[in-house]
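Now for the letters of each chain:
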Amino acid sequence: MRLHAADGGTLGAEQYAGVLALLGGLTPAVQALPPEAALADVRGALRYFGCDAARLAAVLRVRALALYGVDCTVGVAGNPMLARAAAREARPGGTLVVPDEPAAVREFLAGKPVGALDGVGPKAARTLCSYGLDSVGKVAASPPAALRRILGARLGREVHERALGIDRTPVQPGAAARSIAAERPFDRDELDPVQHRRALLSLTEELGARLRTQGQGEGQGQGQVCRALSLTVRCADRTTLTRTRTLPEPTAHSAALTATAYALYAGLGLQRARVRALSLRAEDLTAAERAARQLSFDPEDEKARRLEAVTDRVRARFGPHAIARGTLAA
(Lines give C-alpha, C1' and ligand atoms only; values in the text may rest on other atoms or scores of the structure.)
Protein backbone atom coordinates (compact mmCIF):
# COMPACT_ATOMS: atom_id res chain seq x y z
CA MET A 1 0.00 0.00 0.00
CA ARG A 2 1.30 3.45 -0.98
CA LEU A 3 0.17 6.60 0.83
CA HIS A 4 -0.13 10.16 -0.49
CA ALA A 5 -1.35 13.37 1.07
CA ALA A 6 -4.66 14.20 -0.60
CA ASP A 7 -3.75 17.89 -0.94
CA GLY A 8 -0.65 17.08 -2.99
CA GLY A 9 1.75 17.96 -0.17
CA THR A 10 4.25 15.79 1.62
CA LEU A 11 2.86 13.01 3.77
CA GLY A 12 3.33 13.98 7.42
CA ALA A 13 4.55 11.69 10.19
CA GLU A 14 1.23 12.01 12.06
CA GLN A 15 -0.73 11.12 8.92
CA TYR A 16 1.47 8.09 8.33
CA ALA A 17 1.13 6.94 11.94
CA GLY A 18 -2.64 7.41 11.76
CA VAL A 19 -3.00 5.17 8.71
CA LEU A 20 -0.79 2.55 10.35
CA ALA A 21 -3.13 2.65 13.34
CA LEU A 22 -6.10 2.10 11.02
CA LEU A 23 -4.35 -0.91 9.54
CA GLY A 24 -3.56 -2.17 13.04
CA GLY A 25 -7.28 -2.10 13.80
CA LEU A 26 -7.84 -4.56 10.96
CA THR A 27 -4.90 -6.91 11.47
CA PRO A 28 -1.94 -7.20 13.86
CA ALA A 29 0.33 -8.24 10.96
CA VAL A 30 1.34 -4.75 9.74
CA GLN A 31 4.84 -3.96 8.52
CA ALA A 32 5.66 -0.25 8.27
CA LEU A 33 7.72 0.76 5.23
CA PRO A 34 8.32 4.46 5.92
CA PRO A 35 7.96 7.09 4.78
CA GLU A 36 4.94 6.31 2.59
CA ALA A 37 4.21 2.58 2.33
CA ALA A 38 3.10 -0.38 4.42
CA LEU A 39 2.46 -4.12 4.11
CA ALA A 40 -0.37 -5.94 5.86
CA ASP A 41 -1.34 -9.62 6.00
CA VAL A 42 -5.15 -9.47 6.05
CA ARG A 43 -6.00 -13.15 5.67
CA GLY A 44 -7.29 -13.37 9.23
CA ALA A 45 -9.19 -10.09 8.82
CA LEU A 46 -11.00 -11.41 5.73
CA ARG A 47 -12.30 -14.37 7.70
CA TYR A 48 -13.20 -12.19 10.68
CA PHE A 49 -15.07 -9.52 8.72
CA GLY A 50 -16.51 -11.90 6.15
CA CYS A 51 -15.56 -9.85 3.10
CA ASP A 52 -13.03 -9.89 0.28
CA ALA A 53 -9.78 -7.91 0.16
CA ALA A 54 -11.08 -5.32 -2.31
CA ARG A 55 -13.96 -4.42 0.04
CA LEU A 56 -11.57 -4.19 3.00
CA ALA A 57 -9.27 -1.93 0.96
CA ALA A 58 -12.19 0.34 0.07
CA VAL A 59 -13.14 0.73 3.74
CA LEU A 60 -9.53 1.54 4.63
CA ARG A 61 -9.22 4.13 1.85
CA VAL A 62 -12.42 5.92 2.91
CA ARG A 63 -11.36 6.04 6.58
CA ALA A 64 -7.82 7.22 5.78
CA LEU A 65 -9.14 10.02 3.57
CA ALA A 66 -11.83 11.11 6.03
CA LEU A 67 -9.70 11.00 9.19
CA TYR A 68 -6.22 11.95 7.99
CA GLY A 69 -6.54 13.41 4.48
CA VAL A 70 -4.51 10.55 3.00
CA ASP A 71 -5.09 8.83 -0.34
CA CYS A 72 -4.23 5.12 -0.22
CA THR A 73 -3.20 3.24 -3.35
CA VAL A 74 -3.64 -0.44 -2.57
CA GLY A 75 -2.25 -3.57 -4.18
CA VAL A 76 -3.86 -6.87 -3.23
CA ALA A 77 -2.10 -10.16 -3.95
CA GLY A 78 -1.06 -13.45 -2.44
CA ASN A 79 2.41 -12.38 -1.25
CA PRO A 80 4.36 -9.18 -0.46
CA MET A 81 6.26 -9.03 -3.77
CA LEU A 82 3.08 -9.19 -5.85
CA ALA A 83 1.26 -6.78 -3.55
CA ARG A 84 4.02 -4.19 -3.94
CA ALA A 85 3.99 -4.61 -7.73
CA ALA A 86 0.20 -4.25 -7.79
CA ALA A 87 0.36 -1.08 -5.67
CA ARG A 88 2.89 0.43 -8.08
CA GLU A 89 0.57 -0.21 -11.03
CA ALA A 90 -2.72 0.75 -9.39
CA ARG A 91 -4.18 4.12 -10.29
CA PRO A 92 -3.64 6.75 -7.57
CA GLY A 93 -6.22 6.31 -4.82
CA GLY A 94 -7.42 3.00 -6.27
CA THR A 95 -7.03 -0.73 -5.70
CA LEU A 96 -5.52 -3.32 -8.03
CA VAL A 97 -6.19 -6.98 -7.25
CA VAL A 98 -4.00 -9.77 -8.61
CA PRO A 99 -6.02 -13.01 -8.33
CA ASP A 100 -4.26 -15.72 -6.35
CA GLU A 101 -4.18 -18.09 -9.31
CA PRO A 102 -1.01 -19.19 -11.16
CA ALA A 103 -2.35 -18.22 -14.59
CA ALA A 104 -3.39 -14.74 -13.42
CA VAL A 105 -0.05 -14.19 -11.69
CA ARG A 106 1.89 -15.23 -14.81
CA GLU A 107 -0.20 -12.88 -16.95
CA PHE A 108 0.36 -10.00 -14.51
CA LEU A 109 4.14 -10.46 -14.44
CA ALA A 110 4.87 -11.65 -17.99
CA GLY A 111 5.38 -8.33 -19.77
CA LYS A 112 7.33 -6.58 -17.02
CA PRO A 113 11.06 -5.88 -17.48
CA VAL A 114 13.29 -8.29 -15.63
CA GLY A 115 14.63 -5.45 -13.48
CA ALA A 116 11.18 -5.16 -11.86
CA LEU A 117 11.76 -8.41 -9.96
CA ASP A 118 12.85 -8.16 -6.33
CA GLY A 119 16.53 -8.96 -5.99
CA VAL A 120 17.42 -8.21 -9.62
CA GLY A 121 19.73 -5.20 -9.59
CA PRO A 122 21.21 -3.39 -12.60
CA LYS A 123 24.12 -5.82 -12.95
CA ALA A 124 21.93 -8.96 -12.84
CA ALA A 125 19.43 -7.32 -15.21
CA ARG A 126 22.20 -6.55 -17.74
CA THR A 127 23.46 -10.12 -17.49
CA LEU A 128 20.00 -11.57 -18.10
CA CYS A 129 19.31 -9.18 -20.98
CA SER A 130 22.58 -10.21 -22.64
CA TYR A 131 21.08 -13.71 -22.86
CA GLY A 132 17.82 -12.36 -24.28
CA LEU A 133 15.98 -12.71 -20.95
CA ASP A 134 14.70 -9.15 -20.83
CA SER A 135 11.19 -9.82 -19.49
CA VAL A 136 9.79 -11.65 -16.49
CA GLY A 137 7.84 -13.97 -18.77
CA LYS A 138 11.01 -15.11 -20.54
CA VAL A 139 12.76 -15.71 -17.22
CA ALA A 140 9.78 -17.76 -15.96
CA ALA A 141 9.93 -19.92 -19.10
CA SER A 142 13.68 -20.52 -18.82
CA PRO A 143 15.08 -23.76 -17.39
CA PRO A 144 16.04 -23.24 -13.73
CA ALA A 145 19.42 -24.89 -14.36
CA ALA A 146 20.23 -22.27 -17.01
CA LEU A 147 19.42 -19.41 -14.63
CA ARG A 148 21.62 -20.98 -11.94
CA ARG A 149 24.52 -21.12 -14.40
CA ILE A 150 23.99 -17.49 -15.44
CA LEU A 151 23.41 -15.92 -12.01
CA GLY A 152 24.77 -18.45 -9.54
CA ALA A 153 22.93 -21.11 -7.58
CA ARG A 154 21.18 -19.01 -4.94
CA LEU A 155 20.27 -15.95 -7.01
CA GLY A 156 19.28 -18.06 -10.01
CA ARG A 157 16.87 -20.10 -7.89
CA GLU A 158 15.37 -17.00 -6.25
CA VAL A 159 14.94 -15.12 -9.53
CA HIS A 160 13.19 -18.09 -11.13
CA GLU A 161 10.81 -18.40 -8.19
CA ARG A 162 10.00 -14.69 -8.25
CA ALA A 163 9.42 -14.76 -12.00
CA LEU A 164 6.77 -17.39 -11.26
CA GLY A 165 5.24 -15.09 -8.64
CA ILE A 166 6.61 -16.98 -5.63
CA ASP A 167 7.76 -14.88 -2.68
CA ARG A 168 8.50 -16.61 0.61
CA THR A 169 9.11 -13.35 2.51
CA PRO A 170 6.62 -12.95 5.39
CA VAL A 171 5.11 -9.70 6.59
CA GLN A 172 7.23 -8.71 9.58
CA PRO A 173 5.39 -6.58 12.17
CA GLY A 174 7.77 -4.18 13.89
CA ALA A 175 10.53 -4.80 11.35
CA ALA A 176 13.30 -2.22 11.13
CA ALA A 177 12.74 0.61 8.68
CA ARG A 178 14.07 -0.11 5.19
CA SER A 179 14.29 3.55 4.24
CA ILE A 180 14.71 7.00 5.74
CA ALA A 181 13.78 10.32 4.19
CA ALA A 182 14.27 14.05 4.62
CA GLU A 183 12.75 17.09 2.93
CA ARG A 184 13.68 20.71 2.32
CA PRO A 185 10.72 23.02 1.57
CA PHE A 186 11.49 26.47 0.18
CA ASP A 187 10.03 29.67 1.62
CA ARG A 188 8.91 30.60 -1.87
CA ASP A 189 8.80 28.85 -5.24
CA GLU A 190 12.50 28.51 -6.01
CA LEU A 191 13.82 28.79 -9.58
CA ASP A 192 17.55 29.03 -8.84
CA PRO A 193 19.42 25.74 -9.57
CA VAL A 194 22.15 26.87 -7.15
CA GLN A 195 19.61 26.87 -4.30
CA HIS A 196 18.29 23.50 -5.45
CA ARG A 197 21.77 22.00 -5.28
CA ARG A 198 22.39 23.65 -1.92
CA ALA A 199 19.24 21.98 -0.59
CA LEU A 200 20.38 18.63 -2.00
CA LEU A 201 23.77 19.02 -0.29
CA SER A 202 21.98 19.71 3.00
CA LEU A 203 19.77 16.64 2.51
CA THR A 204 22.63 14.27 1.78
CA GLU A 205 24.60 15.58 4.76
CA GLU A 206 21.58 14.89 6.99
CA LEU A 207 20.82 11.45 5.56
CA GLY A 208 24.47 10.41 5.67
CA ALA A 209 24.78 11.40 9.34
CA ARG A 210 21.53 9.62 10.23
CA LEU A 211 22.61 6.45 8.44
CA ARG A 212 26.04 6.37 10.08
CA THR A 213 24.57 6.79 13.59
CA GLN A 214 21.32 4.82 13.11
CA GLY A 215 20.92 2.19 15.81
CA GLN A 216 24.38 2.69 17.34
CA GLY A 217 22.88 3.30 20.73
CA GLU A 218 20.95 0.05 20.43
CA GLY A 219 23.95 -2.19 19.97
CA GLN A 220 23.69 -2.32 16.16
CA GLY A 221 27.35 -1.61 15.52
CA GLN A 222 28.45 0.80 12.81
CA GLY A 223 25.08 2.16 11.73
CA GLN A 224 23.47 1.49 8.36
CA VAL A 225 24.11 1.91 4.65
CA CYS A 226 21.68 2.33 1.76
CA ARG A 227 21.65 0.68 -1.64
CA ALA A 228 19.54 3.24 -3.51
CA LEU A 229 18.62 6.91 -3.42
CA SER A 230 15.32 8.42 -4.52
CA LEU A 231 14.80 12.13 -5.33
CA THR A 232 11.35 13.75 -5.36
CA VAL A 233 10.83 17.27 -6.67
CA ARG A 234 7.54 18.96 -5.77
CA CYS A 235 6.70 21.82 -8.10
CA ALA A 236 4.52 24.89 -7.64
CA ASP A 237 1.70 23.41 -9.73
CA ARG A 238 1.60 20.43 -7.31
CA THR A 239 3.10 18.01 -9.78
CA THR A 240 5.83 15.74 -8.48
CA LEU A 241 8.82 14.25 -10.26
CA THR A 242 10.56 11.22 -8.78
CA ARG A 243 13.74 9.45 -9.87
CA THR A 244 15.56 6.57 -8.19
CA ARG A 245 19.09 5.28 -8.72
CA THR A 246 20.87 2.24 -7.33
CA LEU A 247 24.24 3.15 -5.83
CA PRO A 248 27.45 1.52 -7.11
CA GLU A 249 27.88 0.01 -3.64
CA PRO A 250 25.95 0.25 -0.35
CA THR A 251 27.10 3.40 1.44
CA ALA A 252 26.45 6.04 4.07
CA HIS A 253 29.28 8.27 2.80
CA SER A 254 27.84 11.76 2.34
CA ALA A 255 30.04 12.54 -0.67
CA ALA A 256 28.74 9.47 -2.54
CA LEU A 257 25.16 10.35 -1.66
CA THR A 258 25.69 13.94 -2.82
CA ALA A 259 27.14 12.86 -6.18
CA THR A 260 24.17 10.56 -6.77
CA ALA A 261 21.65 13.21 -5.72
CA TYR A 262 23.23 15.74 -8.12
CA ALA A 263 23.11 13.17 -10.93
CA LEU A 264 19.43 12.46 -10.25
CA TYR A 265 18.69 16.20 -10.27
CA ALA A 266 20.62 16.75 -13.51
CA GLY A 267 18.79 13.83 -15.12
CA LEU A 268 15.44 15.56 -14.60
CA GLY A 269 16.50 18.35 -16.96
CA LEU A 270 14.59 21.03 -15.08
CA GLN A 271 14.41 24.29 -17.00
CA ARG A 272 13.32 27.27 -14.92
CA ALA A 273 11.17 24.97 -12.80
CA ARG A 274 9.39 26.59 -9.87
CA VAL A 275 10.30 24.14 -7.11
CA ARG A 276 8.37 24.13 -3.86
CA ALA A 277 10.25 21.33 -2.06
CA LEU A 278 12.94 18.70 -2.56
CA SER A 279 13.04 15.40 -0.71
CA LEU A 280 15.52 12.52 -0.68
CA ARG A 281 14.93 8.98 0.48
CA ALA A 282 17.70 6.49 1.25
CA GLU A 283 16.30 3.06 0.40
CA ASP A 284 17.04 -0.62 0.98
CA LEU A 285 18.90 -0.10 4.24
CA THR A 286 21.13 -2.74 5.73
CA ALA A 287 23.58 -2.94 8.62
CA ALA A 288 26.94 -1.40 7.72
CA GLU A 289 28.92 -4.33 9.11
CA ARG A 290 27.15 -6.70 6.69
CA ALA A 291 27.89 -4.57 3.60
CA ALA A 292 30.99 -4.96 1.45
CA ARG A 293 32.94 -1.81 0.52
CA GLN A 294 35.32 -1.43 -2.38
CA LEU A 295 38.74 -0.46 -1.05
CA SER A 296 39.90 2.95 -2.24
CA PHE A 297 43.48 4.02 -2.83
CA ASP A 298 42.44 7.66 -3.12
CA PRO A 299 43.91 9.52 -0.10
CA GLU A 300 41.32 12.29 -0.49
CA ASP A 301 38.48 9.78 -0.12
CA GLU A 302 39.99 8.30 3.03
CA LYS A 303 40.60 11.81 4.39
CA ALA A 304 36.94 12.71 3.74
CA ARG A 305 35.75 9.60 5.57
CA ARG A 306 37.95 10.32 8.60
CA LEU A 307 36.69 13.90 8.67
CA GLU A 308 33.13 12.58 8.43
CA ALA A 309 33.68 10.37 11.49
CA VAL A 310 35.06 13.31 13.50
CA THR A 311 32.12 15.49 12.43
CA ASP A 312 29.66 12.81 13.56
CA ARG A 313 31.28 12.66 17.00
CA VAL A 314 31.17 16.46 17.36
CA ARG A 315 27.50 16.56 16.42
CA ALA A 316 26.67 13.70 18.75
CA ARG A 317 28.22 15.59 21.65
CA PHE A 318 27.24 19.19 20.90
CA GLY A 319 24.15 18.88 18.73
CA PRO A 320 23.39 18.51 15.01
CA HIS A 321 24.12 22.17 14.24
CA ALA A 322 27.46 22.32 16.04
CA ILE A 323 29.38 21.95 12.79
CA ALA A 324 28.35 22.45 9.17
CA ARG A 325 29.81 22.95 5.72
CA GLY A 326 30.67 26.54 4.85
CA THR A 327 28.29 26.43 1.90
CA LEU A 328 25.44 25.52 4.25
CA ALA A 329 26.19 27.90 7.12
CA ALA A 330 23.40 30.38 7.72
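Residues numbered from 1 in each chain as written. Predicted model: local features only at pLDDT ≥ 70, side-chain atom pairs only at ≥ 80, totals over all residues. Heavy atoms only, no water.

1. Digging into the pattern of salt bridges
Okay, so step 1: Under the definition given, this model contains 15 salt bridges.
Okay, so step 2: The partner of Arg234 in a salt bridge is Glu183, and the shortest N-O contact between them spans 3.5 Å. Of the two residues, Arg234 sits in strand β7 (residues 224-235) while Glu183 sits in strand β6 (residues 179-190), which places them 51 residues apart along the sequence.
Okay, so step 3: Given the relative accessible area of 15%, Arg234 is considered buried.
Okay, so step 4: The structure contains a network of salt bridges with shared partners spanning Glu36, Arg281 and Glu283. (Salt bridge = Lys/Arg side-chain N within 4 Å of Asp/Glu carboxyl O. Helix = DSSP H or I, 4+ residues; strand = E, 2+ residues; numbered from the N terminus. Buried < 20%, exposed > 50% of the residue type's maximum accessible area, 1.4 Å probe, protein only.)

2. Quick notes on the packing of helix α10 (residues 193-213) against helix α11 (residues 254-268)
When two helices pack together, you describe them by how their axes are tilted relative to each other and by the distance separating the axes.
Okay, so step 1: Contact geometry for α10 and α11: axes closest at 9 Å, N-to-C directions at 140°. For α10 against α11, the interelement crossing comes out right-handed. Contact with α10, carried on its side by Pro193, His196, Arg197, Leu200, Leu201, Thr204, Glu205, Leu207, Gly208, Leu211 and Arg212, involves Ser254, Leu257, Thr258, Ala261, Tyr262 and Tyr265 of α11 and no other residues of that element.
Okay, so step 2: Residues of the contact of α10 with α11, tallied by class, amount to nine nonpolar, five polar and three charged. (Axes fitted to C-alpha atoms, helices over the stretch in contact; angles between N-to-C directions. Left-handed = near helix turned anticlockwise from the far one by under 90°. Contact = heavy atoms within 4.5 Å. Nonpolar A, V, L, I, M, F, W, Y, C, P; charged D, E, K, R; others polar.)

3. Quick word on helix α5 (residues 102-110)
Okay, so step 1: For α5, the set of buried residues is Ala104, Val105, Phe108 and Leu109. The buried side chains of α5 occupy one side of the element, clustering within an arc of 125° when seen end-on. Relative to its buried face, α5 has exposed residues pointing more than 90 degrees away, namely Pro102 and Glu107.
Okay, so step 2: The secondary structure elements touched by the buried residues of α5 are α4 (80-89), β5 (95-97), α7 (136-141) and α9 (153-163). (Arc of directions from axis to C-beta.)

4. Digging into the nonpolar core
Okay, so step 1: Leu231 and Leu278 are the most contacted members of the largest nonpolar core, which totals 31 residues.
Okay, so step 2: Elements represented by at least two residues in this core include exactly β6, α10, β7, α11 and β9 (275-283).
Okay, so step 3: Ranked by size, the runner-up nonpolar core spans 22 residues in total, among them Ala85, Val105, Val139 and Ala163. (Core = buried A, V, L, I, M, F, W, Y, C linked by side-chain atoms within 4.5 Å.)

5. As for the packing of aromatic side chains
Okay, so step 1: Inspection of every chain in the model, using the stated rule, returns one aromatic pair.
Okay, so step 2: Where Tyr48 meets Phe49, the ring centres are 5.0 Å apart and the plane angle is 85°; that geometry is what we call edge-to-face.
Okay, so step 3: Judged by relative accessible area, which is 70%, Tyr48 ranks as exposed.
Okay, so step 4: Classification of Phe49 as partly exposed rests on a relative accessible area of 41%.
Okay, so step 5: Taking the ring centre of Phe108 as reference, the NZ or CZ of Lys112 above it sits at 3.8 Å.
Okay, so step 6: The residue whose ring lies beneath Arg197 is Tyr262, and the NZ or CZ to ring-centre distance is 3.8 Å. (Phe/Tyr/Trp six-rings, centres within 6.5 Å; stacked < 30°, edge-to-face > 60°. Lys NZ or Arg CZ within 6 Å of the ring centre and 35° of its normal.)

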